[in-house]
Amino acid sequence: AGRLRAADIGLVINTADPYSVAVGAYYAKRRGLLPEQVLRVALPLVPSLSRDDFERLRAQIAEHFGARTQALALAWTAPWSVECNSITGALAAGFDAALCANGCGPPSRASRYFNSPSAQPFTDFGFRPSMLLAARDVAGAKALIDRGVAADSALARRGRGSVNVLLLTTGDVHRGVRQWLYPPPGPVAAVGIDVKVQNAGHWSAERRILMVTTGSQTVEFEPPPRWAPGGLGDHLTSYGGALTSALAHTTALDWIASGATASHGAVSEPCNHLQKFPHPQVLLLHYLQGSTAIEAYWKSVAWPQQSLFVGEPLAAPFALPVRALTTP
């Protein structure tokens with residue numbers, strides 16, 4: 001029961017962006033959001049907001065949404081940054097100008113939400129985690145939203161079969177540092193998962209993929225991955241959150257295009273500090289306990305200032321159905 005619900009979400013739509021208008025309207029309908037849960041703003045159609053434009057956006061959000069709104073869905077693909085900060089990190093914790101002088105320098109701002117049991121981040125910590133409803137086009141975004149809605153409680157049912165958690169190893173020494181955080185491989189019968197630590201080659205040939213964690217500049221999505229409902233996937237690289245850049249990095253947008261329901265990437269050079277990327281065990285633990293995708297991803301990153309979170313925020317495949325929470 002301790003998770004975000006549709007009533008806790010605020011939706012922000014950029015009226016200057018036809019993609020945002022269409023995707024926002026579709027998300028509000030699919031998740032049954034009330035009119036007061038939607039804020040319409042006019043933002044420049046740029047990858048990175050200026051500091052002034054960002055501060056105006058943040059003030060509009062603070063003025064419109066009340067204490068009930070715990071998290072945000074941002075109905076656009078760009079802007080995805082505010083100078084060197086991710087737009088999701090800056091909206092939650094405020095813009096960090098010092099980070100732009102040295103993006104590699106530890107520590108970044110620490111998140112009190114990291115590995116927290118809280119289901120009310122704004123109430124408990126005074127900030128709202130956010131997630132971009134980002135895809136390559138409107139059709140892709142609608143498909144993402146449909147996947148998120150369909151994932152709800154889909155893996156909490158008895159007899160649904162095992163799903164695979166793929167913790168991949170590569171020859172990339174610097175980007176592969178998260179392998180030291182991998183748990184031992186093997187089935188976990190109590191929750192119906194099979195944890196596999198394996199080489200990154202041909203990983204997408206696996207069936208019913210719940211989660212993929214790897215470290216490399218690029219990720220191969222052929223053959224197309226066969227995702228379980230609510231699949232999560234991300235890789236440790238410098239610019240996985242630079243969604244519309246021309247850099248030669250696979251991005252979170254590519255994970256979404258492959259059929260994942262949520263992903264993560266850095267928008268500026270973070271180096272390979274483990275605290276700036278999802279901790280695989282923490283991410284998996286919260287998701288298996290019924291958290292939504294936005295909660296599981298945000299709770300898995302200790303220093304999220306450069307982190308861009310992308311996907312359908314409310315997807316919760318392991319959450320108990322509402323009827324199961326009702327006392328007879």
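It should be emphasised that the depicted structure is a prediction, and the values quoted were computed from it without experimental measurement.

Visitor: Any details on the sheet that holds strand β6 (residues 85-86)? Residues and values, ideally.
Guide: Here 3 strands make up an open sheet; going across it, the order is β3-β5-β6 and the pairing mixed. Among the strands making up the open sheet, the edge pair consists of β3 (48-49) and β6.

Visitor: Outline the environment of Ala139, listing residues and values.
Guide: Mapping Ala139 onto the fold places it in helix α5 (residues 138-151). Given a relative accessible area of 57%, Ala139 falls into the exposed group. The spacing of Ala139 and Ala78 is 61 residues in sequence and 16 Å in space, taken between C-alpha atoms.

Visitor: Describe helix α2 (residues 51-64), naming the residues involved and giving the relevant values.
Guide: The terminal C-alpha atoms of α2, which comprises 14 residues, lie 20 Å apart, in line with the 20 Å expected from a rise of 1.5 Å per residue. Residues of α2 that are buried make contact with β1 (9-14), β2 (38-41), β3, β4 (71-74), β5 (81-82) and α3 (87-93).

Visitor: Provide a residue-level description of the packing of aromatic side chains, including the pertinent values.
Guide: All chains considered together, the criterion is met by 12 aromatic pairs. Here the aromatic rings of Trp227 and Trp255 are separated by 6.3 Å at their centres, their planes lie at 65°, and the arrangement is edge-to-face. Of the two residues, Trp227 is situated in strand β12 (residues 227-236) and Trp255 in helix α6 (residues 252-257); the sequence distance between them amounts to 28 residues. Trp255 carries the same exposure label as Trp227, and that label is buried. A centroid spacing of 6.5 Å and a plane angle of 55° characterise the contact between Tyr297 and Phe309, whose relative ring orientation is tilted. Of this pair, Tyr297 sits in helix α8 (residues 293-299) while Phe309 is found in strand β14 (residues 307-311), placing the two residues 12 residues apart along the sequence. Owing to a relative accessible area of 0%, Tyr297 belongs among the buried residues under this scheme. The exposure class of Phe309 is buried, given its relative accessible area of 0%.

Visitor: Provide a residue-level description of unusual backbone geometry, including the pertinent values.
Guide: The linkage connecting Ala78 with the following residue, Pro79, adopts the cis geometry, with an omega of 10°. Cis geometry marks the peptide bond from Glu222 to Pro223; its omega dihedral reads 0°. Note that Pro223 resides in the loop between β11 (209-215) and β12. With a phi angle near 60°, His202 is a residue other than glycine that sits in the positive phi range. Taking the relative accessible area as the measure of exposure, His202 reaches 68% and is therefore exposed. You will see that Arg208, though not glycine, has its phi angle at about 50°, which is positive. With respect to the secondary-structure elements, Arg208 resides in the loop between β10 (193-199) and β11.

Calculation notes
Residues numbered from 1 in each chain as written. Predicted model: local features only at pLDDT ≥ 70, side-chain atom pairs only at ≥ 80, totals over all residues. Heavy atoms only, no water. Pairing = 2+ DSSP bridges. Helix = DSSP H or I, 4+ residues; strand = E, 2+ residues; numbered from the N terminus. Buried < 20%, exposed > 50% of the residue type's maximum accessible area, 1.4 Å probe, protein only. Expected span 1.5 Å × (residues − 1). Contact = heavy atoms within 4.5 Å. Phe/Tyr/Trp six-rings, centres within 6.5 Å; stacked < 30°, edge-to-face > 60°.

Function cannot be read off these values alone, since they describe shape.
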